[in-house]
Amino acid sequence: MAQVSDHGGGVRSVEVPIPDNPLGHTLVYVVDTDRGPVLIDTGWDDPTSWDALAEGLTACGTSAAEIHGVVITHHHPDHHGLSGRVREVSGAWIAMHAADTAVVRRTREARPERWFSYMTAKLTAAGAPEAHVAPLRTARPRALPGLSPALPDREIVPGDLLGLPGRRLRAIWTPGHTPGHVCLHLEEAHPAQLPGHGRLFSGDHLLPRITPHIGLYEDPDDTTVTDPLGDYLDSLERVGRLGAAEVLPAHQHAFTDAPSRVRELLAHHEERLTGLLTLLDTPLTPWQLAERMEWNRPWEYIPHGSRNIAVSEAEAHLRRLVKLGRAEAVPGSDPVTYVAV
């Protein structure tokens, strides 16, 4: 039975399961408009997930065929996965920020072999041992999910109101978790008259009890040295200043007092950066740093794919430290090592 919650004011959420994932589910929001319901995110592309979404929409008094539009907070498959299927049955438009639409376009156009080659080179440069890299050299394309995500047909423009008839939903660009992540500020009085300025659909940017993954933005053709963690921290402060009465995130549960949660996350990342400087009293590769960082389980129990994510997160933190002048690359090291300064 689909789990549906009524948040009042023409906003409901449906729990759409994520297969074999500790997060459990994505909260897909159903927003009533004068032209029919609009979804914020859609969930993972899986038969069980589709059934849960369909059941949830029925419980909301509608159906997938009646969806007017789909607004995507970011391109990850637990958010964008079912968008194409919703569009097929309803003719709904799909909106996404241009930076994440570019990721979707690359994913659709790139040959899987190129992605494996890119990851192999990237991990080798990060100091990954051959035993870890070797499986990528012989990996088959079917090992990658979400190879053909739906291409959005509308662009979410930061600062603009989205075209939702009868509603005031403003796009807030919040890069960090992905380059084109957006939060969506519902600029309407809270239905329960909670103090503050409307409600915020926060995607993965602001969650009540966990921190989103912040890794490097993956673009094989882009040599720009990006700073995803810096982007995320700046975006956090911007969201905190909105003063939303309530936050409706894509995982876990709705919560209030966004500024307090923002302060907790800013403090968490500052503590983590400071802790990494202690580890960098001797030169380390990104892989060696990831091995020594604190995760939700010991390194030896982290599976292969999750180690790739962990190394990307270590690299994002290293880039932030380098940009702040608190760490630097050791000249001539190969693979490159970093040390605190």
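Look up: the structure comes first, before these words.
So, a few notes on the structure that sits alongside this text. (Residues numbered from 1 in each chain as written. Predicted model: local features only at pLDDT ≥ 70, side-chain atom pairs only at ≥ 80, totals over all residues. Heavy atoms only, no water.)

1. A closer look at the overall build of the chain
A tally of helices and strands in the chain yields ten helices and 13 strands. For 341 residues, the compact-globule estimate of 2.2 N^0.38 gives 20 Å, and the C-alpha radius of gyration of the chain, at 21 Å, lies within 12% of that figure. Based on the C-alpha atoms only, the size of the chain along its principal axes is roughly 60 × 45 × 35 Å. Residue burial in the chain is summarised as follows: out of 341 residues, 49% are buried. Long-range pairs, those at least 24 residues apart, make up 65% of the contacts in the chain between residues at least 6 apart in sequence. Put simply, the chain shows about 15,500 Å² of open surface, and 51% of that area lies on carbon and sulfur atoms. Here the chain contributes 31 positively and 44 negatively charged side chains, and the mean placements of these two sets differ by 2 Å. (Helix = DSSP H or I, 4+ residues; strand = E, 2+ residues; numbered from the N terminus. Rg over C-alpha atoms; globule rule 2.2 N^0.38 Å. Buried < 20%, exposed > 50% of the residue type's maximum accessible area, 1.4 Å probe, protein only. Contact = heavy atoms within 4.5 Å. Areas by Shrake-Rupley, 256 points an atom, 1.4 Å probe, with all protein chains shown as cover. Lys, Arg positive; Asp, Glu negative; His and termini not counted. Charge placed at Lys NZ, Arg CZ, Asp CG, Glu CD.)

2. Quick look at unusual backbone geometry
Both trends apply: most residues other than glycine have a negative phi, and most peptide bonds are in trans. Look at the link from Asp334 to Pro335: it is a cis peptide, with omega at 0°. Among the structural elements, Pro335 can be located in the loop between strand 12 (327–329) and strand 13 (338–340). Its identity is not glycine, yet Gln193 carries a phi of approximately 60°, on the positive side. Take Gln193: it is sitting in the loop between strand 9 (182–186) and strand 10 (199–203). Although it is not a glycine, Gln252 adopts a positive phi angle of roughly 75°. Position of Gln252 among the secondary structure elements: in the loop between strand 11 (246–249) and helix 8 (258–279).

3. Quick look at the side chain of Thr120
Within the secondary structure, Thr120 sits in helix 5 (residues 112–125). Accessibility expressed as a relative area gives 9% for Thr120, which makes it buried. Among residues more than four places away in sequence, those in contact with Thr120 are Val133, Leu136 and Arg137.

4. Description of the sheet that holds strand 8 (residues 169–173)
As a general point, the strands of a sheet are linked pairwise by backbone hydrogen bonds and lie either parallel or antiparallel. On the basis of which strands lie adjacent, the open sheet formed by four strands has the order 8-9-10-11 and mixed pairing. Each edge of the sheet is formed by a strand with only one pairing partner; in this case those strands are strand 8 and strand 11. With direction set aside, neighbouring strand axes in the sheet form an average angle of 25°. Two elements, strand 8 and strand 9, share five bridges in a ladder whose sense is antiparallel. The residue of strand 9 that forms the bridge with Ala171 is Leu184. (Pairing = 2+ DSSP bridges. Axes fitted to C-alpha atoms, helices over the stretch in contact; angles between N-to-C directions.)

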